[in-house]
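Residues per chain, in single letters:
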Amino acid sequence: MGAFFKAMTKPYYITTPLYYVNASPHIGHAYTNILCDTFARFRRFRGEKVFFLTGTDEHGTKIDRAARDQKQEPKAYVDQMVPKFKELWKLLEIEYDYFIRTTDQNHKETVQKILRNLEKKGEIYKASYTGWYCTPCESFWTKFQLAEGKCPDCHREVQALEEENYFFKLSQHQDWLKAYIQDNAGFIRPESRKNEILGFLEQPLEDLCITRPRNRLAWGIDYPTSKEHVVYVWFDALINYVSAVGLTKDAKKFKAHWPADAHVVGKDILRHHAVYWPIMLKACEVEMPKTIIAHGWWTMAGTKVSKSRGNAVDPVELVQTYGVDAFRYFLLREVTLGLDGAFSEDLLAQRYTTDLANDLGNLWFRLASMLGKYFEGRIPFFDLKSSVRSSPMAGALNLWTSVGAAMDDYNPRQALSEIWNLITGANQFIERTKPWELAKDAAKREDLASVLGHLAVTVAHVAVILQPLLPVTAAHILKRLKIAEKNVFKTQEDFIQPLVSFGVLVERGEALFPKLEEEKEEKI
Ligand code: MSP
């Protein structure tokens, strides 16, 4: 049997948080999806199978309130919000494999099955407890959440309210979780966030209230063993990561996907993902995900960008002005994953002009123009083994390794910086070799062919490796160089081919990053 058994290769499974649909997506949401898309594309590029999951979080108070503000039923409201997310992901070239909604029947049934199972295992109990209710905000707070005895949101008086609810025994798994995090170095990234979670676990964990009384909030998944309760939105939403791949429904599918390789989340929801979620999985006897990566916030004037703070940055407008790749480039390049980043349109415009238009755009323009001028637009024949002083070609052939290492380390900023070092090097190579001087001397025709040949090979490799990061620009360059969009470079040998073919007619095309309008330039 052994010899005939072909192991099913598990896809690389990456997830985004599920976005609340109470407002349109903004730059913060776009950031997580761009990060995940880049990681997913990079794996596909290296020939790996990928399962990239994203979706929407549609239950709970926030959504219920947003629907009522719009004078709509919650389900009708969420149904008309979901396309806004899907449209943005399309605009941003996000190639996800599955879009899950927490209102999907399959998801709801999985949540209910898990709850029944946990009840049977004694992981859940019913208890009554007193909380504080703010009537105008319709929010229920625990003693610790109150701000000087008042509602932490609106600072008005609150009323004591006794409720009966279901609780999940988080506390009994606290020691296990602490040990797990300590023993598994890459489980929470970056290190600083891991330490923050370990610090939090120094205090005793309170059990998690996982229901809401239906008479206070009806918009949620029905609690399976009580008609009077619905499931707490976080307990519902976290389960998406397993319901999407068949837990409780399709054992074969589940086995083929789980564990997730990476849950990418913002730092504000790390506790849910690095404390509640692992304990939920442990209680269900399900394997842990491999890594949970927390990114920082995009801020403006020092505060987190968010709809409720009224400083939301609309990704659609930015994409219309600068193009999708400039937007992706800015988010991936400006900050190291894990740290906060200050957003300003000026910074984006600056990156556009310096890195994209002046460095990459110009490199392409110079190469294509010189090929046009000196070789009728064709890639000249040259000896690939010819050594050309300070040629960037060797560096180009190395990108597969250096960019691969950065991407495996979840550091797209470093990956881009490796690529840009080479782009800068290639531009300097032009300055140094002065092809226009070589062109004046018929005896230097071969040298000229070698210089432009080395440059063409370099640019081809830059375009190939840029595919996961800047897919639109990469596709343009590859098309102009008549290189098939070969997405799979499984081994370094696949990559270190010359890629360009002698004699091929290259299209110069329009500027890759056209000059920004005058007024925008002035702003910079
Ligand atoms: N619905 C929950 C997640 C459930 S996952 C099972 C939620 N949704 S959210 O829409 O409020 O936020 C989704 C993600 O967007 C979070 O990871 C959050 O960190 C991220 N961002 C929201 N604003 C942000 C910035 N200003 N900057 C970067 N990301 C931020 O939480």
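Source: prediction; values computed, not measured.

(A) Region of interest: the nonpolar core. Leu-92, Ile-419, Trp-420, Leu-466 and Leu-481 are the most contacted members of the largest nonpolar core, which totals 115 residues. If you count residues domain by domain, this core takes at least three from each of domain 1 (12–322) and domain 2 (345–523). Sequence-distant contacts of Trp-420, defined by excluding residues within four places in its chain, comprise Tyr-329, Arg-333, Asp-355, Leu-356, Asp-359, Leu-360, Leu-466 and Leu-470. Within the second largest apolar cluster, 56 residues are counted, among which are Leu-18, Leu-205, Val-242 and Ile-269.

(B) Fine view of the site of the ligand. As a matter of local geometry, the ligand sits amid 24 residues, with Leu-18, Asp-57, Gly-266, Asp-268 and Val-305 nearest to it. At a separation of 3.4 Å, an oxygen atom of the ligand approaches a polar side-chain atom of His-29. Taking Trp-298, its main chain carries an N or O atom lying 2.9 Å from a nitrogen atom of the ligand. Bound to the protein, the ligand loses 95% of the 660 Å² it would expose on its own. Secondary structure elements with two or more residues in the shell around the ligand: β1 (12–20), α1 (27–45), α7 (233–238), α8 (240–243) and β11 (262–266). Examining the composition of the shell around the ligand, we find that four residues originate from one element, β1, more than from any other. The class makeup of the residues in the shell around the ligand is 13 nonpolar, eight polar and three charged.

(C) Seen up close, unusual backbone geometry. Cis geometry is adopted by the peptide bond preceding Pro-190, which originates at Arg-189 and carries an omega value of -10°. Its location among the elements puts Pro-190 in the loop between β7 (188–189) and α6 (191–200). Look at Lys-71: it is not a glycine, yet its phi comes out positive at around 55°. Structurally, the position occupied by Lys-71 is in the loop between α2 (61–69) and α3 (74–91). Phi at Thr-248 is positive, roughly 70°, even though this residue is not glycine. Here Thr-248 is to be found in the loop between α8 and α9 (251–257). Judged by relative accessible area, which is 32%, Thr-248 ranks as partly exposed.

(D) Summary view of the packing of aromatic side chains. Under the counting rule described, the total for this entry stands at 28 aromatic pairs. Their ring planes at 90° and their centres at 5.9 Å tell us that Tyr-352 and Phe-513 sit as a pair that is edge-to-face. With Tyr-352 in helix α13 (residues 345–375) and Phe-513 in the loop between α19 (492–495) and α20 (518–523), the pair connects residues that are 161 residues apart, well separated along the chain. The same class applies to Tyr-352 and to Phe-513, which are both buried. Here a set of aromatic residues connected by ring pairs shows up, and it is made of Tyr-13, Phe-51, Tyr-241, Phe-254, Trp-258 and Trp-277.

(E) Quick peek at the packing of α13 against helix α15 (residues 412–433). Direction vectors running N to C along α13 and α15 enclose 45°, while the axes themselves pass 10 Å from each other. In terms of their interaxial angle, α13 and α15 are classed as oblique. The handedness of the crossing between α13 and α15 comes out as left-handed. Between α13 and α15, the contacting residues are Asp-355, Leu-356, Asn-358, Asp-359, Leu-360, Leu-363, Arg-366 and Met-370 on the first element and Trp-420, Ile-423, Ala-426, Asn-427, Ile-430 and Glu-431 on the second. In terms of residue class, the contact of α13 with α15 is built from eight nonpolar, two polar and four charged.

(F) Spotlight on the sheet that holds β7. Across the sheet, six strands lie side by side as β3-β2-β1-β11-β12-β7; this open sheet has parallel pairing. What marks the edges here is a single partner per strand, and that holds for β3 (98–101) and β7. One ladder, built from four bridges, connects strand β2 (residues 50–57) with β3; its direction is parallel. Among the inter-strand pairings, Leu-53 is bridged to a residue of β3, identified as Tyr-98.

(G) Region of interest: the side chain of Asp-64. Summarising the element assignment, Asp-64 is placed in helix α2. By relative accessible area, Asp-64 is classed as buried at 13%. Among residues more than four places away in sequence, those in contact with Asp-64 are Pro-74, Leu-217 and Trp-219.

(H) Quick peek at the side chain of His-461. Note that His-461 resides in helix α17 (residues 445–466). The class for His-461 is buried, based on a relative accessible area of 0%.

(I) Structural detail: the domain arrangement of the protein chain. Parsing the protein chain into structural domains produces domain 1 (12–322) and domain 2 (345–523). With centres defined by C-alpha atoms, the gap from domain 1 to domain 2 works out at 42 Å. At the junction of the two partners, domain 1 supplies 20 residues and domain 2 supplies 25 residues. The contact between domain 1 and domain 2 buries some 2000 Å² in all, and 68% of this surface belongs to carbon and sulfur atoms. On the domain 1 side of the interface with domain 2, the three residues burying the most area are Phe-42, Phe-45 and Tyr-322, jointly 39% of the side's total. One can count three salt bridges joining domain 1 with domain 2. With a closest N to O distance of 2.8 Å, Arg-46 and Asp-408 form a salt bridge. Across the domain 1-domain 2 interface, the total number found is four residue pairs in polar contact (both at pLDDT 80 or more). Those elements giving two or more residues to the side of domain 1 that touches domain 2 turn out to be α1, β12 (291–295) and α11 (315–322).

(J) Local environment of the environment of Val-457. Its place among the elements puts Val-457 in helix α17. Along the primary structure Val-457 and Ile-496 are separated by 39 residues, whereas in three dimensions their C-alpha atoms are 9.8 Å apart. The contact partners of Val-457, leaving out residues within four places of it in the chain, are Phe-382, Leu-384, Met-393, Pro-498 and Val-500.

Rules of the game
Residues numbered from 1 in each chain as written. Predicted model: local features only at pLDDT ≥ 70, side-chain atom pairs only at ≥ 80, totals over all residues. Heavy atoms only, no water. Core = buried A, V, L, I, M, F, W, Y, C linked by side-chain atoms within 4.5 Å. Buried < 20%, exposed > 50% of the residue type's maximum accessible area, 1.4 Å probe, protein only. Domains from an automatic or database assignment. Contact = heavy atoms within 4.5 Å. Near = heavy atom within 4 Å. Polar contact = N/O pair within 3.5 Å; in protein donor to acceptor, adjacent residues only side chain to side chain. Areas by Shrake-Rupley, 256 points an atom, 1.4 Å probe, with all protein chains shown as cover. Helix = DSSP H or I, 4+ residues; strand = E, 2+ residues; numbered from the N terminus. Nonpolar A, V, L, I, M, F, W, Y, C, P; charged D, E, K, R; others polar. Phe/Tyr/Trp six-rings, centres within 6.5 Å; stacked < 30°, edge-to-face > 60°. Axes fitted to C-alpha atoms, helices over the stretch in contact; angles between N-to-C directions. Parallel < 35°, antiparallel > 145°, perpendicular 65-115°, else oblique. Left-handed = near helix turned anticlockwise from the far one by under 90°. Pairing = 2+ DSSP bridges. Buried area = accessible area lost by both parts, 1.4 Å probe. Salt bridge = Lys/Arg side-chain N within 4 Å of Asp/Glu carboxyl O.

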